[in-house]
Amino acid sequence: LDHTVRLWDAESGRQFALGRHENMVVSLAVGPNWIASAGVDKTIRIWDYSLRPLRTIRSETMPIGLAAHPDGQRLLAGTGSHPLQTNIWNVRTGKLLTSYTGHKNLTKAVGWLPDGTAVSTGGSNYEIVFWDAYSGREKRRIVGGGRNVWSSGLKGSKLGFGNTWTANKGKSELDHAFDFTSLQ
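Predicted model, so just to flag it, every value in this text is computed and none were measured.

Draft legend 1. Layout of the layout of surface pockets. Roughly 150 Å³ of volume is contained in the second largest pocket. What lines the second largest pocket is Pro32, Asn33, Trp34, Leu54, Arg55, Asp71, Gly72, Gln73, Val91 and Arg92. Tallied by class, the residues present in the lining of the second largest pocket amount to four nonpolar, three polar and three charged.

Draft legend 2. Looking closely at the nonpolar core. Formed by Ala29, Trp34, Ala36, Ala38, Ile44, Ile46, Ile57, Leu66, Leu75, Ala77, Trp89 and Val91, the largest nonpolar core amounts to twelve residues. Mapped by element, the contributors of at least two residues to this core are strand E4 (35–39), strand E5 (43–47) and strand E8 (74–77).

Draft legend 3. A look at the pairing of strand E9 (residues 86–90). Most of E9 sits inside the fold, with five of its five residues counted as buried. The alternating pattern of E9 places Thr86, Ile88 and Asn90 on one face and Asn87 and Trp89 on the opposite face, and all of these are buried. Direction of pairing for E8 relative to E9: antiparallel, over a ladder of four bridges. Looking at E9, one finds that Ala77 is bridged to Asn87.

Draft legend 4. The environment of Glu22, seen in detail. Within the secondary structure, Glu22 sits in the loop between strand E2 (15–20) and strand E3 (25–30). With 21 residues separating them along the chain, Glu22 and Thr43 place their C-alpha atoms 8.8 Å apart. When neighbours within four sequence positions are excluded, Glu22 is seen to be in contact with His3, Asp41 and Arg45.

Draft legend 5. Structural detail: the sheet that holds strand E6 (residues 53–58). Sheet architecture is open: four strands sit in the order E3-E4-E5-E6, paired in antiparallel fashion. A single partner strand is all that each edge strand has here, and the edge strands are E3 and E6. Each strand axis lies, on average, 20° off the axis of its neighbour in the sheet, ignoring direction. Bridge count for E4 against E5 is four bridges, and the pairing is antiparallel.

Draft legend 6. Representation of the confidence of the model for the protein within the structure. Of the residues in the protein, 75% have a pLDDT of 70 or more, and the chain-wide mean is 82. The lowest-confidence element of the protein is strand E18 (residues 171–172), averaging 48 in pLDDT; the highest-confidence one is E6, averaging 96.

Draft legend 7. Local environment of the side chain of His21. Mapping His21 onto the fold places it in the loop between E2 and E3. Residue class for His21 comes out buried when judged on its relative accessible area of 4%. A distance of 3.2 Å separates a polar atom in the side chain of His21 from a polar atom in the side chain of Thr43. Aside from chain neighbours lying at most four places away, what touches His21 is His3, Val5, Ser37, Ala38, Gly39, Asp41, Thr43 and Arg45.

Draft legend 8. Spatial organisation of unusual backbone geometry. Here the amide bond leading from His82 into Pro83 is cis, since omega sits at -5°, within 30 degrees of zero. With respect to the helices, strands and loops of the structure, Pro83 is situated in the loop between E8 and E9. One non-glycine residue, Lys42, adopts positive backbone phi at about 65°. Structurally, Lys42 can be placed in the loop between E4 and E5.

Procedures and definitions
- Residues numbered from 1 in each chain as written.
- Predicted model: local features only at pLDDT ≥ 70, side-chain atom pairs only at ≥ 80, totals over all residues.
- Heavy atoms only, no water.
- 1 Å grid on protein atoms, 1.4 Å probe; cavity = no way out; pocket = protein on both sides within 12 Å on 5 of 7 lines; lining within 4 Å.
- Points joined across faces, edges and corners; volume = space filled by probe spheres on them.
- Nonpolar A, V, L, I, M, F, W, Y, C, P; charged D, E, K, R; others polar.
- Core = buried A, V, L, I, M, F, W, Y, C linked by side-chain atoms within 4.5 Å.
- Buried < 20%, exposed > 50% of the residue type's maximum accessible area, 1.4 Å probe, protein only.
- Helix = DSSP H or I, 4+ residues; strand = E, 2+ residues; numbered from the N terminus.
- Pairing = 2+ DSSP bridges.
- Contact = heavy atoms within 4.5 Å.
- Axes fitted to C-alpha atoms, helices over the stretch in contact; angles between N-to-C directions.
- pLDDT = per-residue confidence, 0-100.
- Polar contact = N/O pair within 3.5 Å; in protein donor to acceptor, adjacent residues only side chain to side chain.

Below, the structure is given as structure tokens:
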């Protein structure tokens, strides 16, 4: 809650780098040669691995949930404020590439399928949406039956998602999984 991004040496336990936002940091993503942090200040900051600033992306939404594309050039960002759009940014230029605007609520968890399809999950409307990363068009929507989607993750051909918020631990476990190849 101190508006910082910190890097620690895992062996010694010593902090070796520090980066700052204007407000609370809510998400991180790691690319092949960069780290992205998103803050309540409606910025996404791109850092090198020593936390030297490379660029600042100013977003019209409060970005929450970040996912680096495997190509290392794109960053998917969920939203914690209006307008309710999930954005894909070019990490090198900071340019907005495309947006998905079909969510009617916050988008707390985002990710990429191996084929480059963007995946975003809406919070209080219990949905997971698969959409085209170039056009922003929806490919498929899965609507759940009663609980917020707090997290999502991929392992092989399985998509996992979590509905259980562990307040004292500040995280959500992946409670459910299914094979997403059946959706294509």
